[in-house]
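# Coordinate analysis (summary)
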Amino acid sequence: MVKKVAAVLAVLAAVMAAGCASKSAYVNPDEPDVLGGTGIDSQDVRTVAQVMSRDLLSAPAIAQATGKPVIALLPTKNETRFRVDTDIITEQLRNDLIQFAGDKITFVERRRMGNIKEERAAKRAGEVTSSGEKMISGANYFLTGTLKSISKASGKMRSDYIYYSFELTDAESTEIVWAKGYDVKKVAERGVVYQ
Amino acid sequence: MRKAFAGCLAAALLLACGCAAQRPGGVRQFYDGDYASAKAIYLSDLEAEKESRALFLARLGTLELAEGNVQEARRYFEEATGIMENFKAEGEYKALVGSESSKEYKGDPYEQMMALWYLGLLDYMSGDFNKALPSFKAAALADGGTTDERYRADCAAVFLMMGKAYQAMGDDAKAADEFKAAAGVYTFQETVARISDALASARQELPPAARESKAAEVAYELLADEISAGTTQFQDPEAALAAARDFAFDELAKGKKSRWHGGELTGKDADAVAGHVKELYEAAARRLEGQMAAGDVGPLAAIVSNFADPSKNFLAIVGMGKGPFKYRVGEYGQLAKIGRSAYPEKYAEICVDGQKVARADTIDSIYYQASTRGGRVMDGILAGKAVFKGATEIGGAVALAEAANPHLSRKERRGAFIVGAALLAASLATRPEADVRSWETLPDRIDVLAAKVAPGTHRVEVNYTGGGHKVFENVEFKEGHQTVLYAWSQDGGAWACPEVSPR
């Protein structure tokens, strides 16, 4: 009898423990997650970066360049209603470009110019050690991106059309030598108790 | 039989205990300025009431802002808006069959809008303009996110800050569009007043024969009576006037005799009145059109223009008074109504180093935003539940009375008892009461002021006429930077002068 009660209690405890345990799992970032929604997903960021980097590498300005073009990536501007860190898109794009282009392109940093200039000044003043002075590399092109959207809502539905636009601008002539867009539209329906 | 009765009673008691939903606390402590107690309650309830997490996060956000903690407030609003914006929700089925308040709190459109607006404001105060803009855009969408087109986005504070975010990002053309939208927002009262004036003036311009006849008098009264109804459809005065005219025609078509001063309104009379309605409408519409053509760019134009001026390096935003709250009405509390709290503060005057700068002007009414939310599908469901509860309650009582009828057989009485008990249990289990969880720590309205202040460290004082005052010591103003101050008339506030300067 005691054994039976103990067994039942053990099963109950196991069930309760299983019920209390928080669940987490690795999921594929290239697939939609269970949370859904109409916002910007990891899947979109990865697809955009891949599409843009492959297309950019085949652009004449890069593919037929005589030397090694120098590109400065500027922060991606977000004009959507989604509060995302756009550095994710910029950095994913840069990393894909580096991966696919090998040593065909040189990237220069423009977001940390303040720190770079401070460090250079400290080196030249002898305040810190230096391994040799160099000129700051000038960029041949600026790679810029903008996220735009058309968002609509009713009490029941919400839809978001998101347009990712990137362009490569000649840093001397201001000519746009390459541009490409990628768009996504998502619709979601609210549960009846929220309508 | 006794056992069955006792069982029913026990079930009823259990259900009744379940019905005693506890309202979230901490609001009174917040208004009393006892922030430590309010925070302790919010943090405890945050864990205990999972379905109301977003509400407590929003309340914690306003509390941290009142205490001057910009980054903490931002963190709370970030999480709260994440829940509010997510269409996935817990407890939807429970809310359908049980109490509505068992569903995950996501807030009404005005609450979602304000949470996103605060988040955008805190992003802006942190110099993160690239994040502030999306927050304000999402706020505009939340505000317009109701079933009825007539309750479209009309929050001037959102458009105003969206303009500032665009301006800070260097896009002056888009900033101008948003400032124009902010300037063009009409409040309900303003629209009613404008149409009433236009109608009264238009009537005076008509020849005596066209305004002194009985039919003309009735037409004027009819149109004037429908102005409010038209304004609930459209806030734009011209569109609201057209809607009022259509309502007047509808009334005439229904043949409302009471409007004919007790007399009979024949078909011929109705035609005459309709003719005068048309004439009056056209004259009033011409006047409104003339006002717009004469450069009337909206009721808030002067306030918006001042705030939009990029040379103004001091932006003060004041949350005035206590926010709207919800309460239940209806036999079973199946309807949620919006209430307005009283507060003594009238206006906020801002002083820098003891010198009065100006009085902040009202740009938005949160109560108005809350009370014009429109109908919900859930209201119909709750009404249906209320009818069911009432019917089962009466049916149960009738059946139980029959169970005590000595003229019936024992078998019939038992049957009546079982039916009666089942109906009463169903009635007790039906929970038609509306969800009245609300973010009561919002202000009642938003006032704004922009000014030029010399670079340096200054003492900023906000004096509330009819209320107290708040002093912000050592507020920094830097050349080429913007200092943003948020003050709340009950007590507290925060300021920031971000390193990132607007472009």
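Here we summarise the structure given alongside this text. Worth saying up front: this structure is predicted, and the values here are computed from it rather than measured.

## Considerations on the overall build of chain B
Looking only at helices and strands, one finds 20 helices and eleven strands in chain B. The buried share among the 503 residues of chain B stands at 52%. Intrachain contacts of chain B at a sequence separation of at least 6 include 69% that bridge at least 24 residues.

## Details of the nonpolar core
Residues and elements named next belong to chain B. With 83 residues, the main nonpolar core has W117, I317, I363 and W439 as its most contacted residues. Among the elements that line this core, the one with the most residues is helix 7 (residues 109-125), at twelve residues. Other than its neighbours up to four places away in sequence, W439 contacts L55, A58, R59, T62, F77, Y105, E111, M114, A115, Y118 and P324. Counting 28 residues, the second-largest nonpolar core is a separate cluster that includes I195, A240, A242 and A284.

## A closer look at unusual backbone geometry
Residue and element names in this part refer to chain B. The phi torsion at D353 lies on the positive side, around 50°, for a residue other than glycine. Tracing the chain through its elements places D353 in the loop between strand 4 (348-352) and strand 5 (355-359). The phi torsion at N474 lies on the positive side, around 50°, for a residue other than glycine. Looking at the secondary structure, you find N474 in strand 9 (residues 469-477). What makes N474 exposed here is its relative accessible area of 53%.

## What to know about the interface of chain A and chain B
Taken together, the contacts link 29 residues of chain A with 40 residues of chain B. On the chain A side of the contact with chain B, R83(A), V193(A) and Y194(A) bury the most area, a combined 31% of that side's loss. Joining chain A to chain B, the criterion identifies six salt bridges. Notably, a salt bridge pairs E78(B) with R83(A), separated by 2.6 Å at the nearest N-O pair. The interface formed by chain A and chain B holds ten residue pairs in polar contact (both at pLDDT 80 or more) in total. Of all the secondary-structure elements, those providing two or more residues to the side of chain A that touches chain B are strand 2 (77-78), strand 4 (141-153) and strand 6 (176-189) of chain A. Per-element accounting of the side of chain A that touches chain B gives the leading share, four residues, to strand 4 of chain A.

## Some thoughts on the pairing of strand 6 of chain A
All names here are of chain A. In this structure, strand 5 (residues 157-170) lies alongside strand 6, joined through 13 bridges in antiparallel fashion. Paired with T169 across the bridge in strand 6 is I176. Hairpin connection from strand 5 to strand 6: five residues lie between these consecutive antiparallel strands, with T174 at a positive phi of about 70°.

## A few points about a nonpolar patch on the surface
A cluster of nonpolar side chains, namely V192(A), Y93(B), L96(B) and V97(B), defines an oily patch on the protein surface of about 360 Å² accessible area. The residue V192(A) is located in the segment after strand 6 in this model.

## Quick notes on the sheet that holds strand 9 of chain B
Residues and elements named next belong to chain B. Strand order across the open sheet formed by four strands is 5-4-8-9, with antiparallel pairing between neighbours. Where the open sheet ends on each side, the last strands, each with one partner, are strand 5 and strand 9. For this sheet, the mean angle separating the axes of adjacent strands, direction not counted, is 25°.

## Thoughts on the packing of aromatic side chains
Residues and elements named next belong to chain B. With the rule as written, the count across this model stands at 14 aromatic pairs over all chains. A centroid spacing of 5.2 Å and a plane angle of 10° characterise the contact between F77 and Y118, whose relative ring orientation is stacked. With F77 in helix 5 (residues 70-85) and Y118 in helix 7, this residue pair connects regions lying 41 residues apart in the sequence. Taken as a pair, F77 and Y118 share a single burial class, namely buried. The ring of F307 carries K164 above its face, with NZ or CZ at 5.8 Å from the centroid. The residue whose ring lies beneath R245 is Y281, and the NZ or CZ to ring-centre distance is 4.3 Å.

## Here's the deal with the packing of helix 5 of chain B against helix 7 of chain B
When two helices pack together, their arrangement is given by the angle between the helix axes and the distance between those axes. Residues and elements named next belong to chain B. Close contact between helix 5 and helix 7 brings their axes to 9 Å; oriented N to C, the two are set at 145°. Helix-helix and strand crossings are classified by hand; for helix 5 and helix 7 the assignment is left-handed. Contacts between helix 5 and helix 7 involve V70, A73, R74, F77, E78, T81, M84 and E85 from the first element and E111, Q112, A115, L116, Y118, L119, L122, D123 and M125 from the second.

## Brief notes about helix 2 (residues 42-57) of chain A
All names here are of chain A. For helix 2, spanning 16 residues, the distance from its first C-alpha to its last is 23 Å, which sits close to the expected 22 Å at 1.5 Å a residue. Buried within helix 2 are the following residues: D44, V45, V48, A49, M52, S53, L56 and L57. Projected down its long axis, helix 2 shows its buried positions confined to an angular sector of 165°, all on one face. Among the structural elements, helix 3 (60-63), helix 4 (87-101), strand 4, strand 5 and strand 6 are those in contact with the buried residues of helix 2.

What counts as what
Residues numbered from 1 in each chain as written. Chains lettered and ligands numbered in written order. Predicted model: local features only at pLDDT ≥ 70, side-chain atom pairs only at ≥ 80, totals over all residues. Heavy atoms only, no water. Helix = DSSP H or I, 4+ residues; strand = E, 2+ residues; numbered from the N terminus. Buried < 20%, exposed > 50% of the residue type's maximum accessible area, 1.4 Å probe, protein only. Contact = heavy atoms within 4.5 Å. Core = buried A, V, L, I, M, F, W, Y, C linked by side-chain atoms within 4.5 Å. Buried area = accessible area lost by both parts, 1.4 Å probe. Salt bridge = Lys/Arg side-chain N within 4 Å of Asp/Glu carboxyl O. Polar contact = N/O pair within 3.5 Å; in protein donor to acceptor, adjacent residues only side chain to side chain. Pairing = 2+ DSSP bridges. Patch = residues over 30% accessible without salt bridge, like charges linked within 9 Å, V, L, I, M, F, W, Y side chains within 5 Å. Areas by Shrake-Rupley, 256 points an atom, 1.4 Å probe, with all protein chains shown as cover. Axes fitted to C-alpha atoms, helices over the stretch in contact; angles between N-to-C directions. Phe/Tyr/Trp six-rings, centres within 6.5 Å; stacked < 30°, edge-to-face > 60°. Lys NZ or Arg CZ within 6 Å of the ring centre and 35° of its normal. Left-handed = near helix turned anticlockwise from the far one by under 90°. Expected span 1.5 Å × (residues − 1). Arc of directions from axis to C-beta.

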